[in-house]
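For reference, the chains in residue letters:
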Amino acid sequence: QVLQVPAAPGPDLPMAASEIDGAIEIGAPAYNAGQIKMCAEVYAQVASRLLAGRAVELRPGVVTALQVALAKSPAVLRAAGEADGRGSDVDALAWAFRQAFDEQLRG
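Residues numbered from 1 in each chain as written. Predicted model: local features only at pLDDT ≥ 70, side-chain atom pairs only at ≥ 80, totals over all residues. Heavy atoms only, no water.

**Q** When you look at the environment of Arg59 in this model, what are you seeing that I'm missing?
**A** Among the secondary structure elements, Arg59 is positioned in the loop between α2 (36-53) and α3 (60-79). Spatially, the C-alpha atoms of Arg59 and Ala100 are 9.6 Å apart, while their sequence positions differ by 41 residues. When neighbours within four sequence positions are excluded, Arg59 is seen to be in contact with Glu103, Gln104 and Gly107. (Helix = DSSP H or I, 4+ residues; strand = E, 2+ residues; numbered from the N terminus. Contact = heavy atoms within 4.5 Å.)

Here it is in structure tokens:
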């Protein structure tokens, strides 16, 4: 089961940045604990929400990167096992989301 990432904004951040921060707060510890599939699922959930409701806040390159990662995510997540580790397809997917998120936060 995928964790639900809260959509509440932080005090001084745009909504997109706040949602990205929330995703990283959940996804990064999951990744570091070896739960790479969970990390990718959290990132995919937030990426989808950002594109649906916050795309105007995102940099154009970030929109494209998230769209590409989201297009791959159903097949990659379906094929991923809970034990898939670093270097796997789900690892590459998690990093694709994270790199897009980081690019947006660098804004």
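Read on, since the account is not over.
**Q** I'm lost on the nonpolar core in this one. Help?
**A** Looking at soluble globular proteins, one finds that nonpolar side chains tend to be buried together. Of all hydrophobic cores here, the largest spans 31 residues; its most connected members are Tyr43, Leu50, Leu66, Phe97 and Phe101. Within the residue set of this core, elements represented by two or more residues are α1 (15-32), α2, α3 and α4 (89-106). When sequence neighbours within four positions are dropped, the list of residues in contact with Leu66 reads Ala47, Leu50, Leu51, Leu58, Phe97, Ala100 and Phe101. (Core = buried A, V, L, I, M, F, W, Y, C linked by side-chain atoms within 4.5 Å. Buried < 20%, exposed > 50% of the residue type's maximum accessible area, 1.4 Å probe, protein only.)

**Q** Help me understand the side chain of Gln104 in this model?
**A** Note that Gln104 resides in helix α4. Among the polar contacts made by the side chain of Gln104, one reaches the main-chain carbonyl oxygen of Glu57 at a distance of 3.0 Å. (Polar contact = N/O pair within 3.5 Å; in protein donor to acceptor, adjacent residues only side chain to side chain.)

**Q** Would you explain the packing of α1 against α2 in this entry?
**A** How two helices pack is summed up by the angle between their axes together with the distance between the axes. Direction vectors running N to C along α1 and α2 enclose 170 degrees, while the axes themselves pass 8 Å from each other. It follows that α1 is roughly antiparallel to α2 by the angle criterion. Listed contacts from α2 to Ala16, Glu19, Ile20, Ala23, Ile24, Ile26, Gly27, Ala28, Ala30 and Tyr31 of α1 are Ile36, Met38, Cys39, Val42, Tyr43, Val46, Arg49 and Leu50. (Axes fitted to C-alpha atoms, helices over the stretch in contact; angles between N-to-C directions. Parallel < 35°, antiparallel > 145°, perpendicular 65-115°, else oblique.)

**Q** Can you walk me through the packing of aromatic side chains in this structure?
**A** Given two aromatic rings, one states the distance between the centres and the angle between the planes to describe the pair. Here the structure, examined in full by the defined rule, presents 3 aromatic pairs. Between Tyr31 and Trp95 the ring centres are 5.7 Å apart and the planes differ by 75 degrees, which places this aromatic pair in the edge-to-face class. Residue Tyr31 is found in helix α1, and its partner Trp95 is found in helix α4; the two are separated by 64 residues along the sequence. Take Trp95: its relative accessible area is 38%, and that puts it in the partly exposed class. Where Tyr43 meets Phe101, the ring centres are 5.3 Å apart and the plane angle is 80 degrees; that geometry is what we call edge-to-face. On the criterion of sequence distance, the pair formed by Tyr43 in helix α2 and Phe101 in helix α4 is long-range, its members being 58 residues apart. Assigned by exposure class, Tyr43 and Phe101 land together as buried. (Phe/Tyr/Trp six-rings, centres within 6.5 Å; stacked < 30°, edge-to-face > 60°.)

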